Amino acid sequence: MNSAEPAKRHTARFAGTYMFGSAIHKDADEDEDDHVGPGGTVLLYPESDSTMLFFMEVEKGEPANVIGRLTGKITLKSNKGIFTLNNAQGIPVCKLSFQIEKRFLDIRTVDGLAECGFGPGVRADNRFFRYSGEIPECYEIDGKKTCFEQTLEKKNAVATPVIEKKPTALPGNGNPL
C-alpha cells in the first residue's frame with residue numbers, strides 16, 4: 001500500500017456512499033415503510049492507490065422484498081474496474097463492471113454472468129448516485145459491524161454474497177398475497 005492513510009490514497013477521490021432508488025429515500029426519511037421500490041447502496045473504500053474494497057446492498061422491492069449483499073475488491077484503471085466471483089470449481093459466475101464518474105457509479109453485468117448470490121430478480125445493474133464523499137470506515141448487517149480495515153488484514157478475502165428475504169406485512173385478512 002502506498003499510503004498509510006486512506007484519505008491520501010489515489011483512489012480516495014472515488015470513495016464514498018453511492019445510492020439509487022428507494023435507498024436514497026430511506027436514508028432521508030425515518031419511515032422506511034413508505035418506500036417499496038427497488039433500491040441499492042454501494043460503499044467504496046480506498047484500499048490502495050489502484051484498488052478499492054466495496055460493500056453492496058441491492059433490493060428488488062415489493063412484493064418479494066429480497067435483498068442481495070456482496071463484498072469484494074476491484075482494481076481501477078481509468079476509472080473502471082471489474083469484479084469477478086468464481087464458483088467452487090473456479091468458473092466465473094458473476095462479473096460486474098464498475099465505471100466511476102464524479103457524481104455517479106455505473107454497475108453493469110458483464111458477459112451475462114449475473115449469478116452474484118442476490119436471489120431471484122435482484123440485480124446490481126444500475127446508476128448509483130454519489131450520496132456522500134466521506135470515506136466509509138465500516139458497514140453493518142443485522143447488528144454486526146464490519147470495518148474495511150479489518151478486511152485488509154485477511155490475505156485471501158473472498159466475496160461474500162448474502163441473500164435475505166425481508167418480511168412482508170400481511171394484508172388485513174392475515175392471508176399472504
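Worth saying up front: this structure is predicted, and the values here are computed from it rather than measured.

Peer 1: Would you take a moment to explain the overall build of the chain for this structure?
Peer 2: Along its length, the chain carries 2 helices and 11 strands. Ordered by position in the sequence, the α and β elements of the chain form the string β-α-β-β-β-β-β-β-β-β-β-α-β. Counting the 177 residues in the chain, one finds 42% classified as buried. Within the chain, residue pairs in contact and separated by at least 24 positions form 53% of the contacts whose partners lie at least 6 positions apart. Counting every atom, the chain has about 10,100 Å² of accessible surface; 50% of that belongs to carbon and sulfur.

Peer 1: Help me understand the state of the cysteines in this model?
Peer 2: What is meant by a disulfide is a covalent connection between two cysteines, made through their sulfur atoms. One pass over the full model with this rule turns up 2 disulfides. Across the disulfide from Cys 94 sits Cys 116; the S-S distance is 2.0 Å. Between Cys 94 and Cys 116, the disulfide has an S-S torsion of 80° and is therefore right-handed. Of the two residues, Cys 94 sits in strand β6 (residues 92-100) while Cys 116 sits in the loop between β7 (104-114) and β8 (126-132), which places them 22 residues apart along the sequence. Note on cysteine connectivity: Cys 138 is disulfide-linked to Cys 147, with sulfurs 2.0 Å apart. Taking the sign of the torsion about the S-S bond as the criterion, the disulfide between Cys 138 and Cys 147, at about 85°, is right-handed. By relative accessible area, which is 23% here, Cys 138 ends up partly exposed.

Peer 1: How do you make sense of the environment of His 10 when you look at a structure like this?
Peer 2: Here His 10 shows up in the segment before β1 (16-21). Taking the C-alpha atoms as reference, His 10 lies 7.9 Å from Pro 46; in sequence the two are 36 residues apart. A polar contact of 3.2 Å, which involves the side chain of His 10, links it to the side chain of Arg 13.

Peer 1: Would you take a moment to explain the packing of aromatic side chains for this structure?
Peer 2: Describing an aromatic ring pair means giving the distance of the ring centres and the angle of the ring planes. On inspection of all chains with the given rule, the structure shows 6 aromatic pairs. With a centroid separation of 5.0 Å and an interplanar angle of 90°, the aromatic rings of Phe 20 and Phe 128 are classed as edge-to-face. In this pair, Phe 20 sits in strand β1 while Phe 128 sits in strand β8, placing the two residues 108 residues apart along the sequence. With respect to class, Phe 20 is no different from Phe 128; both count as buried. Relative to Tyr 139, the ring of Phe 55 has its centre 4.2 Å away and its plane inclined at 10°; by these criteria the two rings are stacked.

Peer 1: It is not clear to me how the pattern of salt bridges should be interpreted in this structure. Could you clarify?
Peer 2: Close approach of charged atoms allows side chains with opposite charge to pair. Within the structure shown, the criterion is met by 7 salt bridges. Note that Asp 111 and Lys 95 form a salt bridge whose closest N and O atoms lie 3.7 Å from each other. Separated by 16 residues along the polypeptide, Asp 111 in strand β7 and Lys 95 in strand β6 bring together distant segments of the chain. With relative accessibility at 62%, the residue Asp 111 sits in the exposed group. Given a relative accessible area of 23%, Lys 95 falls into the partly exposed group.

Calculation criteria
Residues numbered from 1 in each chain as written. Predicted model: local features only at pLDDT ≥ 70, side-chain atom pairs only at ≥ 80, totals over all residues. Heavy atoms only, no water. Helix = DSSP H or I, 4+ residues; strand = E, 2+ residues; numbered from the N terminus. Buried < 20%, exposed > 50% of the residue type's maximum accessible area, 1.4 Å probe, protein only. Contact = heavy atoms within 4.5 Å. Areas by Shrake-Rupley, 256 points an atom, 1.4 Å probe, with all protein chains shown as cover. Disulfide = S-S within 2.5 Å. Polar contact = N/O pair within 3.5 Å; in protein donor to acceptor, adjacent residues only side chain to side chain. Phe/Tyr/Trp six-rings, centres within 6.5 Å; stacked < 30°, edge-to-face > 60°. Salt bridge = Lys/Arg side-chain N within 4 Å of Asp/Glu carboxyl O.

So yeah, pure geometry; function would need other evidence.
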